[in-house]
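Given next are the chains, with one letter for each unit.
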Amino acid sequence: MFSSAVRRSRMQGPSSFPAVFPMAIAVAAGAAVPFQAASNAALGRALGHPLWATLASLGVSVLVVLPLMMLMRVPAPALGTAAQGPAWWWLGGVAGVAYVTAALMLTPRLGAAGFIVSVIAGQMLASLLIDHYGLMGLAPKPAGGWRVAGIALILLGMAVVQMGSSPTASAPGPASSAGRS
(Lines give C-alpha, C1' and ligand atoms only; values in the text may rest on other atoms or scores of the structure.)
Protein backbone atom coordinates (compact mmCIF):
# COMPACT_ATOMS: atom_id res chain seq x y z
CA MET A 1 0.00 0.00 0.00
CA PHE A 2 2.82 2.41 0.90
CA SER A 3 4.67 1.69 -2.35
CA SER A 4 1.55 2.46 -4.40
CA ALA A 5 1.22 5.80 -2.60
CA VAL A 6 4.85 6.59 -3.39
CA ARG A 7 4.33 5.64 -7.05
CA ARG A 8 1.23 7.86 -7.19
CA SER A 9 3.14 10.79 -5.69
CA ARG A 10 5.94 10.30 -8.24
CA MET A 11 3.41 10.20 -11.07
CA GLN A 12 1.81 13.39 -9.81
CA GLY A 13 5.17 15.06 -10.01
CA PRO A 14 6.98 17.42 -7.70
CA SER A 15 3.88 19.53 -7.06
CA SER A 16 2.43 17.02 -4.56
CA PHE A 17 5.14 17.30 -1.90
CA PRO A 18 5.69 21.08 -1.78
CA ALA A 19 2.24 21.42 -0.19
CA VAL A 20 3.42 19.37 2.80
CA PHE A 21 5.91 22.00 4.02
CA PRO A 22 3.45 24.93 4.12
CA MET A 23 0.88 22.65 5.73
CA ALA A 24 3.40 21.65 8.41
CA ILE A 25 4.14 25.32 9.11
CA ALA A 26 0.41 26.02 9.33
CA VAL A 27 -0.02 23.12 11.77
CA ALA A 28 2.83 24.48 13.89
CA ALA A 29 1.31 27.97 13.83
CA GLY A 30 -2.03 26.49 14.79
CA ALA A 31 -0.41 24.57 17.63
CA ALA A 32 0.75 27.90 19.09
CA VAL A 33 -2.80 29.28 19.26
CA PRO A 34 -4.04 27.38 22.34
CA PHE A 35 -0.91 28.47 24.19
CA GLN A 36 -1.66 32.05 23.15
CA ALA A 37 -5.25 31.75 24.35
CA ALA A 38 -4.30 30.23 27.70
CA SER A 39 -1.46 32.67 28.38
CA ASN A 40 -3.63 35.65 27.45
CA ALA A 41 -6.41 34.38 29.75
CA ALA A 42 -3.98 34.15 32.67
CA LEU A 43 -2.56 37.57 31.82
CA GLY A 44 -6.08 39.03 31.73
CA ARG A 45 -6.75 37.71 35.23
CA ALA A 46 -3.43 39.08 36.47
CA LEU A 47 -3.97 42.52 34.90
CA GLY A 48 -7.56 42.77 36.13
CA HIS A 49 -9.38 43.11 32.80
CA PRO A 50 -9.39 41.25 29.47
CA LEU A 51 -8.80 44.38 27.42
CA TRP A 52 -5.54 45.12 29.27
CA ALA A 53 -4.36 41.65 28.32
CA THR A 54 -5.44 42.26 24.73
CA LEU A 55 -3.41 45.47 24.65
CA ALA A 56 -0.43 43.78 26.29
CA SER A 57 -0.55 40.84 23.87
CA LEU A 58 -0.71 43.08 20.83
CA GLY A 59 2.05 45.29 22.28
CA VAL A 60 4.31 42.26 22.70
CA SER A 61 3.52 41.35 19.08
CA VAL A 62 4.78 44.77 17.99
CA LEU A 63 7.92 44.37 20.10
CA VAL A 64 8.59 41.00 18.44
CA VAL A 65 7.83 41.97 14.84
CA LEU A 66 9.77 45.26 14.74
CA PRO A 67 13.21 43.68 15.33
CA LEU A 68 12.34 40.94 12.82
CA MET A 69 11.49 43.60 10.23
CA MET A 70 14.77 45.40 10.91
CA LEU A 71 16.72 42.15 10.74
CA MET A 72 15.06 41.24 7.44
CA ARG A 73 15.42 44.82 6.14
CA VAL A 74 11.76 45.06 5.21
CA PRO A 75 11.20 48.19 3.06
CA ALA A 76 8.91 50.95 4.23
CA PRO A 77 5.21 50.24 3.65
CA ALA A 78 3.27 51.69 0.72
CA LEU A 79 0.79 53.51 2.96
CA GLY A 80 -0.56 55.61 0.10
CA THR A 81 -1.50 52.51 -1.87
CA ALA A 82 -3.00 50.83 1.19
CA ALA A 83 -4.99 53.94 2.10
CA GLN A 84 -6.59 53.92 -1.34
CA GLY A 85 -7.70 50.30 -1.04
CA PRO A 86 -10.99 49.01 0.29
CA ALA A 87 -11.75 49.43 3.98
CA TRP A 88 -11.84 45.66 4.53
CA TRP A 89 -8.05 45.57 4.08
CA TRP A 90 -7.83 46.97 7.60
CA LEU A 91 -10.21 44.50 9.25
CA GLY A 92 -7.34 42.21 10.25
CA GLY A 93 -6.51 44.46 13.18
CA VAL A 94 -10.13 44.53 14.32
CA ALA A 95 -10.35 40.76 13.96
CA GLY A 96 -7.13 40.37 15.95
CA VAL A 97 -8.52 42.37 18.85
CA ALA A 98 -11.80 40.44 18.72
CA TYR A 99 -10.01 37.09 18.64
CA VAL A 100 -7.50 37.84 21.41
CA THR A 101 -10.21 39.26 23.66
CA ALA A 102 -12.57 36.33 23.02
CA ALA A 103 -9.72 33.88 23.62
CA LEU A 104 -8.76 35.27 26.97
CA MET A 105 -12.37 35.54 28.13
CA LEU A 106 -13.63 32.18 26.85
CA THR A 107 -10.63 29.85 27.24
CA PRO A 108 -11.02 29.65 31.04
CA ARG A 109 -14.71 28.79 30.61
CA LEU A 110 -14.49 26.37 27.65
CA GLY A 111 -10.97 25.06 28.16
CA ALA A 112 -8.28 25.29 25.49
CA ALA A 113 -9.70 22.41 23.41
CA GLY A 114 -13.28 23.66 23.64
CA PHE A 115 -12.33 27.18 22.65
CA ILE A 116 -10.01 26.19 19.82
CA VAL A 117 -12.40 23.66 18.29
CA SER A 118 -15.10 26.34 18.29
CA VAL A 119 -12.69 28.82 16.70
CA ILE A 120 -11.77 26.28 14.03
CA ALA A 121 -15.45 25.65 13.29
CA GLY A 122 -16.02 29.39 12.90
CA GLN A 123 -12.91 29.76 10.75
CA MET A 124 -14.00 26.93 8.48
CA LEU A 125 -17.55 28.22 8.08
CA ALA A 126 -16.31 31.71 7.24
CA SER A 127 -13.58 30.32 4.97
CA LEU A 128 -16.10 28.25 3.06
CA LEU A 129 -18.23 31.36 2.42
CA ILE A 130 -15.19 33.44 1.45
CA ASP A 131 -14.06 30.75 -0.98
CA HIS A 132 -17.51 30.04 -2.39
CA TYR A 133 -18.29 33.67 -3.17
CA GLY A 134 -14.72 34.76 -3.93
CA LEU A 135 -14.80 37.41 -1.23
CA MET A 136 -11.89 39.61 -0.17
CA GLY A 137 -10.12 39.39 -3.49
CA LEU A 138 -9.87 35.60 -3.64
CA ALA A 139 -10.83 33.51 -6.64
CA PRO A 140 -14.15 31.68 -6.13
CA LYS A 141 -13.93 28.01 -5.15
CA PRO A 142 -17.44 26.55 -5.06
CA ALA A 143 -18.60 24.86 -1.87
CA GLY A 144 -19.11 21.40 -3.35
CA GLY A 145 -20.38 18.37 -1.51
CA TRP A 146 -16.98 17.23 -0.23
CA ARG A 147 -16.16 20.64 1.20
CA VAL A 148 -19.56 20.95 2.86
CA ALA A 149 -19.19 17.40 4.24
CA GLY A 150 -15.79 18.34 5.66
CA ILE A 151 -17.29 21.37 7.40
CA ALA A 152 -20.13 19.21 8.74
CA LEU A 153 -17.55 16.82 10.22
CA ILE A 154 -15.76 19.75 11.86
CA LEU A 155 -19.05 20.95 13.36
CA LEU A 156 -19.76 17.41 14.57
CA GLY A 157 -16.26 17.31 16.07
CA MET A 158 -16.92 20.60 17.83
CA ALA A 159 -20.11 19.16 19.35
CA VAL A 160 -18.30 15.99 20.46
CA VAL A 161 -15.48 17.97 22.10
CA GLN A 162 -17.98 20.20 23.90
CA MET A 163 -20.05 17.22 25.08
CA GLY A 164 -16.86 15.61 26.38
CA SER A 165 -16.07 18.62 28.55
CA SER A 166 -16.92 18.30 32.20
CA PRO A 167 -19.63 20.65 33.49
CA THR A 168 -17.19 21.99 36.08
CA ALA A 169 -14.73 23.19 33.42
CA SER A 170 -15.50 26.85 34.03
CA ALA A 171 -13.12 29.63 34.98
CA PRO A 172 -11.35 29.02 38.28
CA GLY A 173 -13.02 30.78 41.16
CA PRO A 174 -11.43 32.18 44.30
CA ALA A 175 -11.51 28.79 46.08
CA SER A 176 -9.88 26.83 43.26
CA SER A 177 -7.19 29.41 42.54
CA ALA A 178 -6.32 30.15 46.20
CA GLY A 179 -3.32 27.84 46.14
CA ARG A 180 -1.91 29.35 42.95
CA SER A 181 0.56 32.18 42.88
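Use the structure listed above.
Now for a quick tour of the structure. Quantities reported herein were computed from a predicted structural model and do not represent experimental measurements.

## Observations regarding the overall build of the protein
In step 1: Within the protein, the secondary structure is distributed over six helices and zero strands.
In step 2: Along the protein, helices (α) and strands (β) appear in the sequence α-α-α-α-α-α when read from the amino end.
In step 3: Going through the 181 residues of the protein one by one, you find that 14% of them count as buried.
In step 4: Of the roughly 13000 Å² that the protein leaves accessible, carbon and sulfur atoms contribute 75%.

## What about the pattern of salt bridges?
In step 1: This model, assessed by the stated rule, comprises one salt bridge.
In step 2: Of the charged contacts, one joins Asp131 and Arg147 as a salt bridge, the two residues approaching to 2.7 Å between their closest N and O atoms. Note that Asp131 is positioned in helix α5 (residues 91–133) and Arg147 in helix α6 (residues 145–163), a separation of 16 residues in sequence.

## Thoughts on the packing of helix α3 (residues 50–72) against α5
In step 1: Interaxial distance between α3 and α5 falls to 9 Å at its minimum, and their mutual angle equals 125°. Here α3 is positioned oblique relative to α5, judged by the angle of their axes. Judged by the twist between their axes, the crossing of α3 over α5 is right-handed. Across from Pro50, Leu51, Ala53, Thr54, Ser57 and Leu58 in α3, the residues of α5 making contact are Val97, Val100, Thr101, Leu104 and Met105.
In step 2: A class-by-class count of the residues in the contact of α3 with α5 yields eight nonpolar, three polar and no charged.

How each quantity is defined
- Think of each chain on its own: its residues are numbered from 1, step by step along the sequence as written.
- Local features in a predicted model are, by the rule used here, given only for residues with pLDDT of at least 70; side-chain atom pairs are given and counted only at 80 or more, and totals for whole chains, interfaces and linings are based on all residues.
- Only hydrogens and water are removed before side-chain values are computed, so all heavy atoms of the structure are retained for them.
- Numbering of helices and strands runs from the N terminus, with a helix taken as a DSSP run of H or I at least four residues long and a strand as a DSSP run of E at least two residues long.
- Exposure classes here rest on a 1.4 Å probe applied to the protein chains alone. A residue is buried below 20% of its type maximum, exposed above 50%, and partly exposed in between.
- A 1.4 Å probe and the Shrake-Rupley method give the accessible areas. Residues count as covered only by the protein chains that appear here.
- A carboxyl oxygen of Asp or Glu within 4 Å of a side-chain nitrogen of Lys or Arg is what we treat as a salt bridge.
- An axis is simply a line fitted to the C-alpha atoms; with a helix, the fit covers only the stretch in contact. Between two such axes, the angle follows the N-to-C directions and lies from 0 to 180 degrees.
- Angles are sorted into four bins: roughly parallel if under 35 degrees, roughly antiparallel if over 145, roughly perpendicular if 65 to 115, and oblique for all others.
- In this scheme, a crossing is called left-handed if the near helix is turned counterclockwise away from the far one by less than a right angle; it is called right-handed if the turn is clockwise.
- Residues are treated as being in contact if the distance between any of their heavy atoms lies within 4.5 Å.
- In this count, Pro and Cys sit with the nonpolar residues alongside Ala, Val, Leu, Ile, Met, Phe, Trp and Tyr, while Asp, Glu, Lys and Arg are called charged and the others, Gly among them, polar.

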